[in-house]
Amino acid sequence: MKSKKLISLFLSALIFISVFTTLPVCAITRESNSVGATYSGTTGDCTWKYDDTTNTLTISGNGAMENYSYNNYAPWKEYRQQIKYVIVSEGVTSIGANAFYGRSQFGTDSKQTDSLLTVSLPNSLSTIGNSAFSCCTSLQSIKIPKNVTSIDAYAFLNCIALKNIDLPDDLEIISKSCFEDCISLKSIELPSKLTAICYHAFWCSGLESIYIKNNVKYICEYAFDYCENLKSVVVEDDIFLQEGVFSFCSKLESVNFKGKITVVNKTPYNDAGGFSGSLFASCPMLKKAVLPSYFEIKNLYDGDTDGKKYPIQSYRNFDDSDNLKLSNITFNDNPKIINGVVFSTDGKTLLWYPDDLTASSYTIPSGVQTLAYSSFANQTYIKHINIPDSVTQFDGRVFSGCSNLDNVIIPDSVTTLFDFQNCKSLRSIYIPNSVIKMYQSGKESLETFENCENLVIYCDKNSYAENFAKEYSFSFVHTESVYCHFDSNGGKAEYNKQPVIPSDIYWNLPKATKNNYNFAGWYTSKIGGNKITE
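Because the structure is a prediction, the values reported are computed rather than measured. (Residues numbered from 1 in each chain as written. Predicted model: local features only at pLDDT ≥ 70, side-chain atom pairs only at ≥ 80, totals over all residues. Heavy atoms only, no water.)

Focus on the overall build of the protein chain
- Scanning the protein chain from terminus to terminus reveals two helices and 40 strands.
- When burial is assessed residue by residue, the protein chain has 46% of its 534 residues classed as buried.
- Pairs at least 24 residues apart make up 41% of the contacts formed inside the protein chain by residues separated by at least 6 positions.
- Looking at the protein chain as shown, the accessible area adds up to about 25,700 Å², and 48% of this sits on carbon and sulfur atoms. (Helix = DSSP H or I, 4+ residues; strand = E, 2+ residues; numbered from the N terminus. Buried < 20%, exposed > 50% of the residue type's maximum accessible area, 1.4 Å probe, protein only. Contact = heavy atoms within 4.5 Å. Areas by Shrake-Rupley, 256 points an atom, 1.4 Å probe, with all protein chains shown as cover.)

Let's talk about unusual backbone geometry
- You will see that arginine 316, though not glycine, has its phi angle at about 60 degrees, which is positive.
- Its location among the elements puts arginine 316 in the loop between β24 (310-311) and β25 (329-331).
- The class of arginine 316 is partly exposed, set by a relative accessible area of 42%.
- Positioned with a positive phi, arginine 397 is a non-glycine residue whose angle comes to about 55 degrees.
- Relative to the helices and strands, arginine 397 resides in the loop between β32 (393-394) and β33 (407-409).
- Owing to a relative accessible area of 22%, arginine 397 belongs among the partly exposed residues under this scheme.

Side note on the sheet that holds strand β21 (residues 288-291)
- Taken in spatial order, the five strands of this open sheet run β15-β17-β19-β21-β25, and their pairing is parallel. Each edge of the open sheet is held by one strand with a lone partner, namely β15 (209-212) and β25. Each neighbouring strand pair of the sheet contributes to a mean axis angle of 5 degrees, computed without reference to strand direction.
- Both β21 and β25 contribute to a ladder of three bridges, which runs parallel. Pairing of valine 290 across the sheet is with threonine 330, part of β25. (Pairing = 2+ DSSP bridges. Axes fitted to C-alpha atoms, helices over the stretch in contact; angles between N-to-C directions.)

Some points on the sheet that holds strand β7 (residues 92-95)
- One open sheet accounts for four strands, arranged β5-β7-β9-β11; its pairing is parallel. Whereas interior strands pair on both sides, the edge strands pair on one side only; in this sheet they are β5 (63-64) and β11 (150-151).
- Relative to β7, β5 runs parallel, the two sharing two bridges. Of the residues in β7, the one forming a bridge with glycine 63 is valine 92.

Some details on the layout of surface pockets
- In this structure, the largest pocket occupies an estimated 680 Å³ of space.
- If you trace the largest pocket, you find 28 residues lining it, with Gln313, Asp319, Asp355, Ala377 and Asn378 closest to the centre.
- Its volume calculated, the second largest pocket comes out at about 580 Å³.
- Together, 23 residues line the second largest pocket, and Asp487, Ser488, Asn489, Gly521 and Trp522 are the ones closest to its centre.
- The set of elements that each furnish at least two residues to the lining of the second largest pocket consists of β37 (483-485) and β40 (512-513).
- Looking at the lining of the second largest pocket residue by residue, the classes come out as 10 nonpolar, 10 polar and three charged. (1 Å grid on protein atoms, 1.4 Å probe; cavity = no way out; pocket = protein on both sides within 12 Å on 5 of 7 lines; lining within 4 Å. Points joined across faces, edges and corners; volume = space filled by probe spheres on them. Nonpolar A, V, L, I, M, F, W, Y, C, P; charged D, E, K, R; others polar.)

Concerning the pairing of strand β3 (residues 46-51)
- Residues Cys46, Trp48 and Tyr50 of β3 are buried on one face, while the alternating residues Thr47, Lys49 and Asp51, pointing to the opposite face, are not.
- Across six bridges, strand β2 (residues 37-43) lies against β3 in antiparallel orientation. Residue pairing for β3: threonine 42 is matched across the bridge by threonine 47.
- Adjacent in sequence and paired antiparallel, β2 and β3 are bridged by two residues, among which glycine 44 carries a positive phi angle near 60 degrees.

Focus: the environment of valine 88
- If you trace the backbone, valine 88 turns up in strand β6 (residues 85-88).
- Judged by its relative accessible area of 3%, valine 88 is buried.
- When the C-alpha atoms of valine 88 and leucine 125 are compared, they prove to be 9.0 Å apart, with 37 residues separating the residues in sequence.
- In contact with valine 88, other than residues within four places in its own chain, are Ile59, Ile95, Ser120, Leu121 and Pro122.

Here's the deal with helix α2 (residues 464-471)
- For α2, the full list of buried residues reads Ala465, Glu466, Phe468 and Ala469. Along α2, the residues classed as buried sweep out an arc of 160 degrees about the axis, all on the same side. Exposed and facing more than 90 degrees away from the buried side of α2 are Lys470 and Glu471.
- Check the buried side of α2 and you find it contacts β35 (456-459) and β36 (475-478). (Arc of directions from axis to C-beta.)

Let's talk about the pairing of strand β19 (residues 254-257)
- Residues Val255 and Phe257 of β19 are buried on one face, while the alternating residues Ser254 and Asn256, pointing to the opposite face, are not.
- Sheet analysis places strand β17 (residues 232-235) next to β19, joined by four bridges and oriented parallel. Within β19, the position partnered with valine 233 by the bridge is valine 255.
- Pairing geometry for β19 and β21, over three bridges, is parallel. From the neighbouring strand, valine 255 faces β21, where its bridge partner is alanine 289.

What to know about the pattern of salt bridges
- Counted under the stated rule, the structure contains 10 salt bridges.
- Among the ionic pairs, lysine 186 bridges to glutamate 208, the shortest N-O distance being 3.8 Å. Of this pair, lysine 186 sits in the loop between β13 (173-174) and β14 (196-197) while glutamate 208 sits in the loop between β14 and β15, placing them 22 residues apart in sequence.
- Residue lysine 186 is classed as partly exposed on the basis of its relative accessible area, which comes to 43%. (Salt bridge = Lys/Arg side-chain N within 4 Å of Asp/Glu carboxyl O.)

What about the confidence of the model for the protein chain?
- Predicted confidence across the protein chain gives a mean pLDDT of 87, with 86% of residues reaching 70 or more.
- Residue range residues 1-25 is modelled with pLDDT below 50. Its contacts to residues more than four positions away, or to other chains, number zero contacts.
- Counting contacts from residues 104-109, a segment whose pLDDT is below 50, to residues more than four positions away or on other chains yields 11 contacts. (pLDDT = per-residue confidence, 0-100.)

If you want it as structure tokens, here you go:
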């Protein structure tokens, strides 16, 4: 029995040794002298040596360093808190991921201060790995060598003392969160070949101004979000943007975009989908802007745009940035501005009826074909709107939030509506037979008239509008498609007819023009008749 136990113990010991010896071993050599000690070992294709008399870590060799992680720390971890100087020698081509991560020696204690002061990098270097210098909280300056073409995500995240960094001209991408929380970084010169600034790249950094050169094509989500010292932005050329790129920049005073803005649901550097706007939201000091009058939205999943012009103020782009008014904006694409209302250059699209215009009624000029997305949104003064027959397209949410809008007549040139959300005072709307859907995409819903609780829909019998009213429990009244026609007697009227709605009135009548004549008003007959005054 005893011999069996001995054999069992012996076998167990062999199994333990066998398993144990398969684990990786990181050999560290220690050499002592009368002053101190040096420690050395290997990292990837290179070697490392730490001298505790000078607090210097030196990386030497030809090739790449090893990549490390939070569960596989760099072999100099035990001395990391004492390291003040890092020298990477010529021949080294890559700084490994997490190689000098500043909190690896602190565990969960984020209050400690890292001791690394200076870093010297060789011209042989081409890549800086993920989180390589993250949380090096005492590092103030670093020069990236000219041959570096890739700096990976989080490389300098939370380097709170970093004031100066020289980036090489050949660098094409500033990666995700690369300079996030670099609160002492007040300025940076972007490389001449840079094409993309990725997600959170400068989030919560100390930048006071940024000049984005014409080679930059993409700025990803929240790239400059919460840069609370940022005062001015210049973008030299056409640009693809994602949401919130300059939101919550509480000291931002001016932006200057010299080209077109296209909003994208993803970029080659960021797969996030959707777009909720807020490009300049919560920038209360923003008072001066050079911008295009509209932007386009491009779906990079299928490579196409929807062809619509979205007014620059839509999609909550200026939410809580109340000091930016139309009078403070210079448009870089020369739109038409008529009586404070912004139209496309050709006059066919009404882009923006500003929410600070105080007139209670407005007649859209004849010739306008499209009412752009949110073009009247949140306009609280307007009560009555006249829409000419030339209008064929409502781009969505056109009158959303017009809380005092009272009645609307839709011309029979329109086929789709999705435009009256939160029009709480809307009392009546005439919807012609031409309207065959009331939704924006995919599925009909109540949202077209959401929170329009007192609405009566005027429509023809058996029409789409009647079925919609029944489906969503709106009151409706049949009309007989009776119109009031405006005969301009050889001239040209803003519009030529309006449907007759029982017990309703026309708040505005169209104006008419004729060469060498002055318009005297509308009468009940060409000869004689009574002048219509209201």
